[in-house]
Amino acid sequence: MARVALTLGPLFFHWPAERLRNFYFRIADETSLERVHVGEVVCGKRMPFSDPVWPEIIERLERGGKEVVLSTLAAPATVRERKAIAELCADGRLVEINDITALPARSGRPFVTGPFLNVYNEATARFLARHGAATICPPVELSLDTVGTIAGACPEVGFELFAFGRLPLALSGRCYHARLHGLHKDSCQFTCEQDPDGLAVDTLDDQPFLAINGVQTLSAQIHSLLVEPAELAARNIRRLRLSPHGCDMVEVARTYRDLVEERQDPEGARFVLSCLELPGTLVDGYAHGLAGSQLAARA
Amino acid sequence: MTSNPHEHLRAPLSILRFLPPFSGLPLGPLLTLSLRSLARRRPGLFERLGEFGKARFLIDPIDLPFTFHVVPDGSAALVRAAGRSGEPPSDVVIRGPILLLLGILDGTLDGDALFFHRAISVSGRTEAVVALRNAIEDAELRPSDLLGLKGTAARLADSGILGGLSFARQIATGAHRRERTQP
Amino acid sequence: MTTSGRMELVCPAGTPSALRAAVQAGADSIYCGFRDETNARNFPGLNFSPQELAEGIRFAHAHGSKVLVAINTFARAGDTDPWRHAADTAAACGADAVIAADIAVLDHMATQHPGTRLHLSVQAAAATPESIGFYADAFNVRRVVLPRVLSVQEIAALNRLIKVETEAFVFGGLCVMIEGRCYLSSYAAGRSPNLNGVCSPPEMVSYDEDREGTAARLAGFTIDRYAPGEPAGYPTLCKGRFKAGDKAGYLFEDPVSLNAGSMIVAFKAAGVTALKIEGRQRGKGYVTEVVRAFRKAVDAAEQGHDATEIDNILAGLSEGGRQTTGAYRKIWR
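Residues numbered from 1 in each chain as written. Chains lettered and ligands numbered in written order. Predicted model: local features only at pLDDT ≥ 70, side-chain atom pairs only at ≥ 80, totals over all residues. Heavy atoms only, no water.

1. A closer look at the overall build of chain A
Now for step 1: The secondary structure content of chain A amounts to eleven helices and twelve strands.
Now for step 2: For 299 residues, the compact-globule estimate of 2.2 N^0.38 gives 19 Å, and the C-alpha radius of gyration of chain A, at 18 Å, lies within 12% of that figure.
Now for step 3: Considered along the principal axes of its C-alpha atoms, chain A spans approximately 50 × 50 × 35 Å.
Now for step 4: The proportion of buried residues among the 299 residues of chain A is 63%.
Now for step 5: Sequence separation of at least 24 residues holds for 66% of the intrachain contacts in chain A that already meet a minimum separation of 6.
Now for step 6: Accessible area of chain A: about 10200 Å², with a carbon and sulfur share of 50%.
Now for step 7: Looking at charge distribution, chain A has the averaged site of its 31 positive side-chain charges lying 5 Å from that of its 38 negative ones. (Helix = DSSP H or I, 4+ residues; strand = E, 2+ residues; numbered from the N terminus. Rg over C-alpha atoms; globule rule 2.2 N^0.38 Å. Buried < 20%, exposed > 50% of the residue type's maximum accessible area, 1.4 Å probe, protein only. Contact = heavy atoms within 4.5 Å. Areas by Shrake-Rupley, 256 points an atom, 1.4 Å probe, with all protein chains shown as cover. Lys, Arg positive; Asp, Glu negative; His and termini not counted. Charge placed at Lys NZ, Arg CZ, Asp CG, Glu CD.)

Okay, structure coming up:
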């Protein structure tokens, strides 16, 4: 049985440069993750803050034996953002495409497609594979079985499932952090920095529901795909993606490693995760063809 | 819904004399008959309902002494008229003044707007209501089609009811304007 | 692409009667979809059978109007045939264009029906010259329906850099999220625009009365609350009231609809080819009224009337709800 590899997806939140450095250094030194994504995907306005620290983070990660993937913006708009994408696409490292904007610049060389790219069927996957897609992480709303169907028809691509974290549910042209604070997006004062896991959005009846992160909307709950590795192998799924949050990600990575190495069963892994300081409860409905907010696995 | 802010839209009593009880047949069988004959003439209308043809709709014209229990299942359609005590179980309940309900049927009035302004109330399976609303929207029915009337009675019913509707709509539009000018 | 011809008015039809109403009210083009999950307005009782589409196209062509068929959801893995069949049927019926978002559907159209015009749906969320250029080169897409996140200045800049036509929404419901990239609906209720052509699906909607009034819920999540007698709304996720930080209110978007009628002249100057009215789920009364008003407004804009005069033509259109020009003015962001 092929070993399931672990990937740390791109960070969605706006963390100060110092926190980024500490976080990724620890990931480089203390985890056995095969792949780590770096770079800003949510908001181009944050790039000037993080851009200076990425080179040393990349160096440290590569020294720690991690394959580094350069993630690109999911909703580029300005000339500067489009230019940034073109520059990243020229890099020799693997690049993650999160908008079709990056495709012409990267076509013909290997890339990863992130969950922001609409890959819903095998015809689309094969089309992208012909252009260079080496790894496809499909949209979060697809079930395990659906991804299995696509992966089965597209064996040349390595399929990766979004397996841990608040689910990236929507993007907007409007910044909700700015709107909430009565500010305009163009002079937003980066209030999103105050919420390292996003800001919780509850219903009027106080049910935890969503979280906002600048122009992005996420789930309040933490999606956690915890199934036997044989279930993944049977569906040609080769990687699990863990999304960075403020909780102890080294522990999260260790838990998933134990799961895919069969040292820990899904129930046990769920218990370990539930003991961490997570910003929401655990759900997994999407993986099982249900509403994403549901928990299909036995609690 | 307990209170209705649209008391002024209640049917002028004159409309009542066009209703089938006054044409000599029991109401339920007569409407069943007319609905089934409509299904023969216009099968597309009922196909549009899909699975919701088998849904049970309770239509409650609050200004009439009875309610309609409708299963719009094409050539097997059923309409029962009953008093308000002992209403049969239903998937959907639609309540409102008869003029507004008829106005929605013939497309003169926008069901969405009436619902969102609480002029009519809807409860139960929302997807069945949406299907019914869309099927009616395409049907271009006249009140006489629904009442199973023909000839002179049909013309009288259509002009009487549609006339009443245009009056009702003027009032409704007036109410809208007042609302819009509020800060 | 910056076009100098007369702007095309593209109008919605959820039913054959709405199509006829739009044609008679002066629509240049009508867009509609099949009665299944291949289109993004898959509501019960709505849309066209293949036979109704064929009849609708004959009717429209007889009156000098075009019909654009939306096959704009994403084909289901392992079961892409319904989408291919929809594309084949649309082409066979003589559709003037197919509007698609999924690469699978675009690829099928480009290879099997190269003679049928292809428009890129707003669900593809193509907003940059690179992205639009890709769809134009790969599938010979001739027009892109612009995501509702661009300002009119950005549209003008974009049109100078691309070689395909652009179509911009001018009126109707407003998605505040980038369309085609929003999974809020499936997160709460299991069905979504991309998967099923449905947002905030009606079968998961409930209106529950309690002491404080009515709660409009979607799959158990309270999307909004109304005091007794207060006008209620459909619980569309992004238009609801929520709590965040120490505030409660319309977090994502106020209950407004788009009306960019005042910007028709600006759209023309920005090189926009076609103006689109939203509302395939709306009735023929709405279609008639809105299309008639916009027909007058577009004709006035073509004759060189200014924005104030056009505002006057469209003044009667408000449905009582508040309106916005959305992202077309930068302040919206």
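2. Here's the deal with the side chain of Glu40 of chain A
Now for step 1: Within the secondary structure layout, Glu40 of chain A lies in the loop between β2 (35-38) and α2 (47-50).
Now for step 2: Polar contacts involving the side chain of Glu40 of chain A include one to the main-chain amide nitrogen of Val42 of chain A, which spans 3.0 Å. (Polar contact = N/O pair within 3.5 Å; in protein donor to acceptor, adjacent residues only side chain to side chain.)

3. Considering the interface of chain A and chain C
A common way to express how large an interface is: the accessible area buried when the components associate.
Now for step 1: Listed by partner, the interface residues are 66 residues for chain A and 64 residues for chain C.
Now for step 2: Summed over both partners, the interface of chain A with chain C buries about 5200 Å², with 59% contributed by carbon and sulfur atoms.
Now for step 3: Among the residues of chain A in contact with chain C, Arg174, Leu204 and Phe209 of chain A are the three that bury the most area, contributing 13% of the side total.
Now for step 4: Joining chain A to chain C, the criterion identifies eight salt bridges.
Now for step 5: A salt bridge links Asp99 of chain A to Arg181 of chain C; its shortest N-O distance comes to 2.9 Å.
Now for step 6: Where chain A packs against chain C, one counts 40 residue pairs in polar contact (both at pLDDT 80 or more).
Now for step 7: Elements that contribute at least two residues to the side of chain A that touches chain C include exactly α5 (103-106), α6 (122-131), α7 (144-152), β7 (158-171), α8 (176-180), β8 (199-203), β9 (208-213) and β10 (216-224) of chain A.
Now for step 8: The element contributing the most residues to the side of chain A that touches chain C is α6 of chain A, with seven residues.
Now for step 9: In terms of strand pairing, β8 of chain A meets strand β11 (residues 242-244) of chain C through three bridges, oriented antiparallel. Note that in β11 of chain C the partner of Asp202 of chain A across the bridge is Lys243 of chain C. (Buried area = accessible area lost by both parts, 1.4 Å probe. Salt bridge = Lys/Arg side-chain N within 4 Å of Asp/Glu carboxyl O. Pairing = 2+ DSSP bridges.)

4. Here's the deal with the side chain of Thr7 of chain A
Now for step 1: Residue position: Thr7 of chain A is located in strand β1 (residues 5-8).
Now for step 2: When sequence neighbours within four positions are dropped, the list of residues in contact with Thr7 of chain A reads Leu33, Arg35, His37, Glu160, Arg239, Leu240, Arg241 and Leu242 of chain A.

5. Let's talk about the packing of helix α3 (residues 81-92) of chain C against helix α4 (residues 103-112) of chain C
The relative placement of two packed helices comes down to the angle between their axes together with the axis-to-axis distance.
Residue and element names in this part refer to chain C.
Now for step 1: Relative to each other, α3 and α4 sit at 40 degrees, their axes nearing to 10 Å. Accordingly, the angle class assigned to the pair α3 and α4 is oblique. Viewed along their axes, α3 and α4 form a crossing whose handedness is right-handed. Where α3 abuts α4, its residues Trp83, Arg84, Ala87 and Asp88 lie against Val105, His108 and Met109.
Now for step 2: Among the residues forming the contact of α3 with α4, the class breakdown is four nonpolar, one polar and two charged. (Axes fitted to C-alpha atoms, helices over the stretch in contact; angles between N-to-C directions. Parallel < 35°, antiparallel > 145°, perpendicular 65-115°, else oblique. Left-handed = near helix turned anticlockwise from the far one by under 90°. Nonpolar A, V, L, I, M, F, W, Y, C, P; charged D, E, K, R; others polar.)

6. What to know about the arrangement of the chains
Now for step 1: Most contacts, when the two pairs of chains in contact are compared, are made between chains A and C.
Now for step 2: The least C-alpha distance between chain A and chain B, which are not in contact, is 18 Å.

7. A closer look at the state of the cysteines
Residue and element names in this part refer to chain A.
Now for step 1: Counted under the stated rule, the structure contains zero disulfides over all chains.
Now for step 2: Here Cys89 stays free of any disulfide, with the sulfur of Cys137 as its closest cysteine sulfur at 17 Å.
Now for step 3: The thiol sulfur of Cys175 is not disulfide-bonded, and the nearest other cysteine sulfur, from Cys188, lies at 5.7 Å. (Disulfide = S-S within 2.5 Å.)

8. A closer look at the domain arrangement of chain C
Residues and elements named next belong to chain C.
Now for step 1: Assigned domains within chain C: domain 1 (8-174 + 256-332) and domain 2 (184-249).
Now for step 2: When each unit is reduced to the centre of its C-alpha atoms, the spacing between domain 1 and domain 2 is 27 Å.
Now for step 3: Counting residues at the interface gives eleven residues for domain 1, matched by ten residues for domain 2.
Now for step 4: Interface area for domain 1 against domain 2, summed over the two sides, is near 750 Å², with a carbon-plus-sulfur share of 48%. (Domains from an automatic or database assignment.)

9. Overview of the packing of aromatic side chains
Now for step 1: What the rule picks out here adds up to 21 aromatic pairs over all chains.
Now for step 2: The interplanar angle of 85 degrees and the centroid separation of 6.0 Å between the aromatic rings of Phe134 of chain C and Phe139 of chain C together place this pair among those described as edge-to-face.
Now for step 3: Aromatic pair Phe242 of chain C and Phe252 of chain C: ring centres 5.9 Å apart, planes at 70 degrees, arrangement edge-to-face. Placement of Phe242 of chain C in strand β11 and of Phe252 of chain C in the loop between β12 (247-249) and β13 (256-259) is noted, with a sequence separation of ten residues between them. With respect to class, Phe242 of chain C is no different from Phe252 of chain C; both count as buried.
Now for step 4: Taken together, the ring pairs connect Tyr176 and Phe209 of chain A together with Phe221, Phe242 and Phe252 of chain C into an aromatic cluster.
Now for step 5: A cation over a ring is seen here: Lys276 of chain C above Tyr31 of chain C, with NZ or CZ 4.2 Å from the ring centre. (Phe/Tyr/Trp six-rings, centres within 6.5 Å; stacked < 30°, edge-to-face > 60°. Lys NZ or Arg CZ within 6 Å of the ring centre and 35° of its normal.)

10. Overview of the sheet that holds strand β4 (residues 92-96) of chain B
Residue and element names in this part refer to chain B.
Now for step 1: Pairing is mixed in the open sheet, where five strands are placed in the order β3-β2-β1-β4-β5. Whereas interior strands pair on both sides, the edge strands pair on one side only; in this sheet they are β3 (78-82) and β5 (121-124). Strand-to-strand, the axes of this sheet are offset by a mean angle of 15 degrees, without reference to chain direction.
Now for step 2: Strands in contact with helix α1 (residues 27-41) are β2 (67-71) and β3; relative to β3, the strand with the most contacts, it is inclined by about 155 degrees.
Now for step 3: Its contacts with the sheet put helix α3 (residues 98-105) on β1 (57-61) and β4, and the angle it makes with β1 is roughly 130 degrees.

11. Remarks on the pattern of salt bridges
Now for step 1: Taken as a whole and judged by the stated rule, the model has 58 salt bridges over all chains.
Now for step 2: In this structure, Lys54 of chain B engages Asp73 of chain B in a salt bridge whose closest nitrogen and oxygen atoms are separated by 3.0 Å. Highlighted residues: Lys54 of chain B in the loop between α2 (43-47) and β1 and Asp73 of chain B in the loop between β2 and β3, separated in sequence by 19 residues.
Now for step 3: Look at Lys54 of chain B and you get exposed, because its relative accessible area is 59%.
Now for step 4: Put simply, Glu8, Arg117, Arg143, Glu165, Glu167 and Lys276 of chain C are held in one network by salt bridges that share partners.

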